[in-house]
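# Architecture at a glance
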Amino acid sequence: MTTHEILERAKKAVPTVALMSDADKTRALEAMADALISGTDRILAANAEDCAEAKAHLSGVMMDRLVLTEERIAGMANGIRDVAGLEDPVGRVLETVDRPNGLHIEKVSVPLGVVGIIYESRPNVTSDAAALCFRSGNVCVLKSGKEAHRTSAAIVRIIRDALKPFGAENAVSVLEDNSRAAATEMMEAVGLVDVLIPRGGAGLINACVAGSRVPCIHTGTGICHVYVDAAADPGKALDIIENAKTSRPSVCNAEEVCLVSSEIAGSFLPMLKKRLTEDRAAAGKTPVELRLCERSMKIIDGTPASDTDFDTEFLDYILAVRIVDGVREAVEHIAAHSTGHSDCIVTENAENAEYFLNSVDSAAVYLNASTRFTDGGEFGLGCEIGISTQKMHARGPMGLRELTSYKYVVRGNGQIR
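What counts, and at which threshold
Residues numbered from 1 in each chain as written. Predicted model: local features only at pLDDT ≥ 70, side-chain atom pairs only at ≥ 80, totals over all residues. Heavy atoms only, no water. Buried < 20%, exposed > 50% of the residue type's maximum accessible area, 1.4 Å probe, protein only. Helix = DSSP H or I, 4+ residues; strand = E, 2+ residues; numbered from the N terminus. Pairing = 2+ DSSP bridges. Axes fitted to C-alpha atoms, helices over the stretch in contact; angles between N-to-C directions. Contact = heavy atoms within 4.5 Å. Core = buried A, V, L, I, M, F, W, Y, C linked by side-chain atoms within 4.5 Å. Patch = residues over 30% accessible without salt bridge, like charges linked within 9 Å, V, L, I, M, F, W, Y side chains within 5 Å. Areas by Shrake-Rupley, 256 points an atom, 1.4 Å probe, with all protein chains shown as cover. Salt bridge = Lys/Arg side-chain N within 4 Å of Asp/Glu carboxyl O. Lys, Arg positive; Asp, Glu negative; His and termini not counted. Charge placed at Lys NZ, Arg CZ, Asp CG, Glu CD. Phe/Tyr/Trp six-rings, centres within 6.5 Å; stacked < 30°, edge-to-face > 60°. Lys NZ or Arg CZ within 6 Å of the ring centre and 35° of its normal.

## Notes on the pairing of strand β7 (residues 224-228)
- Buried residues dominate β7, accounting for five of its five residues.
- Pairing of β7 with strand β12 (residues 342-346) involves four bridges; the strand directions are parallel. The residue bridging Y227 from the neighbouring strand is I345, located in β12.

Encoded structure:
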């Protein structure tokens, strides 16, 4: 089918999905999860083809995002089941107003409609997006990156087959055309796509935000900071930094920049280097390349930071390090370089903590915890459709409620104005 035909088919499915009962949606989601497990061999075969083609040009950490295993597919199925167990966000009465003229007004949550999702080499996004959109009464049309195209298509075929008994197979579709032209057609599909959500690197997100004629939610790019205050517990800081940087460096909530108070830089930076380079190498783990500001270079050895390193989402075992003169300069640096995703302060000083938490304008701000927690599952939302770094219409992990809008239902008895 052409991209236009797929989008038209999706638009026609909107009333069916929007009006499905909570019970039917729950049963359908359970069927989707069961189907993924039953279809594991088909998914792995498609994924093996994708991986064989991609390994020549993808880095190790990016390949990690692409590769599926039986365990990861089981995790995807469990993610769908988690969504099935969440409260239906559709039909909630958000506000009620009774007017003096007798009008009864309710503000009621409703689905967005057709949600277009353009994403890169993370096939788990396919099942996450399908589950979240379906649970929230939406229809989704997916445009996978070329690296994961076969895998995503296999997952969608399995999900659609699971939805057929419920008459809702068209609730989930994937574009057959894998070209940039197809992505552009989706971005320009006014009247067929209600909202577009890009998930991927800065290039993809910026292209969608700049080129889309349909409403677009800015998601994902994460230049996340950890600021180590003069009053930080060093052990706590090292644990947080290593987790935020190395637990999964290819994701948007991974730390990219470490800011260190000048008051403790002389003692802390040697500990940081030892933890991230020497200790990791000795343990057979990938060491982190430290890209250091001029002041840091006078304390420890490393790679001199370039002008762009503090504005780069590395998605790799690379960490930019800068010394700052206290919490106010840390906040100023973050304001100048952050993408508004997730930023953390490590400190035992309550005043500095509150200043940071109140002053940093990001979707998630942390005190003494890893930025890796910015995730729908970790926030109790189930899996998320993306991390919104804008302020309209949603911000932070986008779960079920963020995939709804609202309308006003006004009941009267002949009133005229």
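## Remarks on the sheet that holds strand β3 (residues 114-119)
- Strand order in this open sheet of four strands is β5-β4-β3-β6, and the pairing throughout is parallel. What marks the edges here is a single partner per strand, and that holds for β5 (172-174) and β6 (195-199). Neighbour-to-neighbour, the strand axes of this sheet turn through a mean angle of 20°, independent of strand direction.
- Pairing of β3 with β6, which is carried by five bridges, proceeds in the parallel orientation. When the sheet's bridge partners are listed, Y119 is paired in β6 with R199.
- Helix α8 (residues 180-187) rests against β3, β4 (139-143) and β6 of the sheet, and its axis sits at about 150° to β3.
- With respect to the sheet, helix α9 (residues 202-211) is in contact with β3 and β6, its orientation differing from that of β6 by roughly 165°.

## Some points on the nonpolar core
- Grouped together as the largest cluster of nonpolar side chains are 67 residues, with contacts concentrated most on I117, F134, L142, V172 and I385.
- Tallying contributions element by element places helix α6 (residues 124-135) first for this core, with seven residues.
- When neighbours within four sequence positions are excluded, I385 is seen to be in contact with I117, A129, L132, C133, I197, R199, M398 and L403.

## Quick notes on the sheet that holds strand β9 (residues 289-292)
- Spatially, the seven strands line up as an open sheet ordered β10-β9-β11-β8-β7-β12-β13, and their pairing is parallel. The open sheet has two edge strands with one neighbour each: β10 (303-304) and β13 (364-367).
- Where β9 meets β10, two bridges bridge the pair, whose relative direction is parallel. Each bridged residue has a counterpart across the sheet, and for R291 the counterpart in β10 is T303.
- Across the sheet, helix α10 (residues 234-246) touches β7, β8 (255-261), β11 (318-324) and β12, and the angle it forms with β8 is around 160°.

## Looking at a negative patch on the surface
- Side chains of E5, E8, E176, D177, E185 and E188 sit close together on the surface and give a patch of like negative charge.
- Position of E8 relative to the elements: it lies in helix α1 (residues 3-18).

## What about unusual backbone geometry?
- Following M392, the chain continues to H393 via a peptide bond in cis, the omega torsion being 0°.
- Even without being a glycine, L315 presents a positive backbone phi close to 55°.
- By the element assignment, L315 lies in the loop between β10 and β11.
- A positive phi angle, near 55°, is found at N368, a position not held by glycine.
- By the element assignment, N368 lies in the loop between β13 and β14 (387-388).
- A relative accessible area of 23% means that N368 is categorised as partly exposed.

## As for the environment of T219
- Topologically, T219 is positioned in the loop between α9 and β7.
- Among residues more than four places away in sequence, those in contact with T219 are I197, P198, R199, I205, I387, S388 and T389.

## A closer look at helix α13 (residues 327-337)
- For α13, every residue scored as buried is listed here: V327, E329, A330, V331, H333 and I334.
- The inward-facing, buried residues of α13 contact β7, β8, β11, β12 and α14 (350-359).

## Some thoughts on the environment of S306
- Looking at the secondary structure, you find S306 in the loop between β10 and β11.
- With relative accessibility at 34%, the residue S306 sits in the partly exposed group.
- Separated by 63 residues in sequence, S306 and A369 place their C-alpha atoms 28 Å apart.

## Examining the packing of aromatic side chains
- Scanning all chains against the criterion turns up one aromatic pair.
- Considering the side-chain rings of Y406 and Y408, the 5.9 Å spacing of their centres and the 85° angle between planes classify their relative orientation as edge-to-face.
- In this arrangement the basic side chain of K107 is found over the ring face of Y406, its NZ or CZ atom lying 4.1 Å from the centre.

## Points about the side chain of R122
- Along the chain, the position of R122 falls in the loop between β3 and α6.
- Residues within four places of R122 in sequence aside, it is in contact with R65, R199, R248 and V251.

## Things to note about the pattern of salt bridges
- Following the criterion strictly, the structure yields 27 salt bridges and no others.
- The residue R248 makes a salt bridge to D64 at a minimum N-O spacing of 3.4 Å. Highlighted residues: R248 in the loop between α10 and β8 and D64 in helix α4 (residues 60-66), separated in sequence by 184 residues.
- Residue classification places R248 among the partly exposed residues on the basis of a relative accessible area of 23%.
- Assessed through its relative accessible area of 30%, D64 is described here as partly exposed.
- Residues D279 and K274 are paired through a salt bridge, measuring 3.0 Å at the closest nitrogen-oxygen approach.
- A relative accessible area of 43% means that K274 is categorised as partly exposed.
- The network of salt bridges with common partners includes E49, D50, E53 and R150.

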